[in-house]
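Listed here are the chains, written in short residue letters.
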Amino acid sequence: MRLTRIAAESFPLTTNMSNSRRALKEIRITAVAVECDVVREGKRLVGYGYSSFGRPSCHTQIRERMAPRVMAAPPEALLDEAGENFDPIRIWSHAAADEKPAGHAERSVAIGTLDLAVWDLVAKIEGMPLHRVLAERYGGGEVRESVFCYVGGGWYRPGQTLADLQAEMRAHLDAGYTQVKMKVGGLSRVEDCARVEAVLKVVGSGDHLAVDANAVFDQRMALERAASLAPYGLRWFEEPCNPLDYEAYKAVAASYGPPIASGECLSGAQELDNFLRYSALRPDRDILQLDPPLSYGVTEYLQILRVAQQHGFSRVSLWPHGGNLMSLHVAGGLGLGGSESYPGVFGAFGGFNREVTIERGYARLPKSPGLGFEEKPELLPLLRSLI
Ligand code: MG
């Protein structure tokens, strides 16, 4: 049993949406395919992954560094003890060999995206959905049927009115979601509070609404905005500040009672360890949102979980960013608090697959082998074009 090819390519993501910091029209997504010599139904099995949303392309790192290292390893060095499947942890170690310490974001997406494709392949060889493989290996054996999901929405769009925003949120509730999230920090405090109050009229109460500032505030502005938001009793206030500004988080955590969320811009377990050591986030309520492909993959997520637990957080404190099948499987397999969902945005890369239905806020987990991209017809041709 051996890997026969690793391919990586980047694709444009066309959108006119913005958050508080930037328009997203220049985002590109890197997709990876890992082919092996195991044949099912007359074809070689291929694992797929892509780089979630938010960081630049990483196909060059994969092509120049990670893929050649993995392909140069002796085939048996990439297999599990029984020699019956690939070992994602061993493959990860080969992919990450010879990298300098720190500077994680430059490589965490490349290694993470490759790692997701490897886990997709491993689950396909086992003939099981990835969440089940993870549950059996690392989730205490409890195989879940569904995961709580909230909609990452409420973006700033050109010409948008409050009625447009309310209509968007009403559509999410009609689709079966019970919690939504919206952007803040892109307009003045007064204008943003009017947006929040408009959405609260639709969702009913603050515990059904989270807000996301995408790290736009400095400490002083974050404290001001936190004071404005506190009376709403929101589900959480996400990324008030840059996650490397530990002092700012410490100040917000000291003054803002409801939950704070952060972590989608952290690259792996070491950055999370530093963040939790100095930010004074509160294990009894705050939310950690590291994104599997952006932060070294599923393999690293096991270390992320260990670090979170060392700081007093539990599995249900982790809600992976990304709103895609990769985060959904990790949340379901490891028994995490919940998952984001991006229905109708990010084109073929956004959303789950046609197996996933939403009911009373919960997403039913896929049953097809691997991550389930084969049940996502809008994306599958693009992935298959890699090999
Ligand atoms: Mg966010």
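Residues numbered from 1 in each chain as written. Predicted model: local features only at pLDDT ≥ 70, side-chain atom pairs only at ≥ 80, totals over all residues. Heavy atoms only, no water.

Asks: Teacher, can you tell me more about the packing of helix α5 (residues 162-174) against helix α6 (residues 189-203) here?
Replies: Packed helices, taken two at a time, are described by the angle between their axes plus the distance between the axes. Between α5 and α6, the least distance of the axes is 9 Å, while the angle of their chain directions is 35°. In terms of crossing hand, the pair formed by α5 and α6 is right-handed. Contacts between α5 and α6 involve L162, L165, Q166, M169, R170 and L173 from the former and A194, R195, A198, V199, K201, V202 and V203 from the latter. A per-class count over the contact of α5 with α6 returns nine nonpolar, one polar and three charged. (Axes fitted to C-alpha atoms, helices over the stretch in contact; angles between N-to-C directions. Helix = DSSP H or I, 4+ residues; strand = E, 2+ residues; numbered from the N terminus. Left-handed = near helix turned anticlockwise from the far one by under 90°. Contact = heavy atoms within 4.5 Å. Nonpolar A, V, L, I, M, F, W, Y, C, P; charged D, E, K, R; others polar.)

Asks: Is there a simple way to explain the domain arrangement of the protein in this structure?
Replies: How big an interface is tends to be stated in terms of accessible area lost as the parts join. Domain annotation of the protein identifies domain 1 (3-127) and domain 2 (137-371). Summarising the inter-unit geometry, the C-alpha centres of domain 1 and domain 2 are found 24 Å apart. With 37 residues of domain 1 in contact, the opposing surface of domain 2 contributes 41 residues. Interface area, domain 1 with domain 2, both sides summed: about 3,400 Å², of which 65% is carbon and sulfur. Area buried by domain 1 at its contact with domain 2 is led by M17, S20 and F53, which between them contribute 20% of it. Our count for the domain 1 to domain 2 interface comes out at one salt bridge. Residues E126 and R137 are paired through a salt bridge, measuring 2.7 Å at the closest nitrogen-oxygen approach. For the side of domain 1 that touches domain 2, the secondary-structure elements that each account for two or more residues are β3 (43-50), α2 (88-95) and α3 (105-126). At 15 residues, the largest contribution of residues to the side of domain 1 that touches domain 2 is made by α3. Residue composition of the side of domain 1 that touches domain 2, grouped by class: 18 nonpolar, twelve polar and seven charged. (Domains from an automatic or database assignment. Buried area = accessible area lost by both parts, 1.4 Å probe. Salt bridge = Lys/Arg side-chain N within 4 Å of Asp/Glu carboxyl O.)

Asks: Would you take a moment to explain the coordination of the magnesium ion for this structure?
Replies: Octahedral six-donor coordination of a metal ideally yields angles of 90 or 180 degrees, compared with 109.5 degrees for tetrahedral four-donor coordination. Bound to the magnesium ion are the protein donor atoms D212 (OD), E238 (OE) and E264 (OE), situated 2.0 to 2.2 Å from the metal. All donors to the magnesium ion come from one chain, and their sequence spacing reads D-x25-E-x25-E. One end of the pair, D212, is in strand β6 (residues 209-212); the other, E238, is in strand β7 (residues 237-238), with 26 residues separating them in the sequence. Classification of D212 by relative accessible area gives buried; the value is 1%. (Donors = N, O, S within 2.8 Å, 3.2 Å for Na, K, Ca; no water. Buried < 20%, exposed > 50% of the residue type's maximum accessible area, 1.4 Å probe, protein only.)

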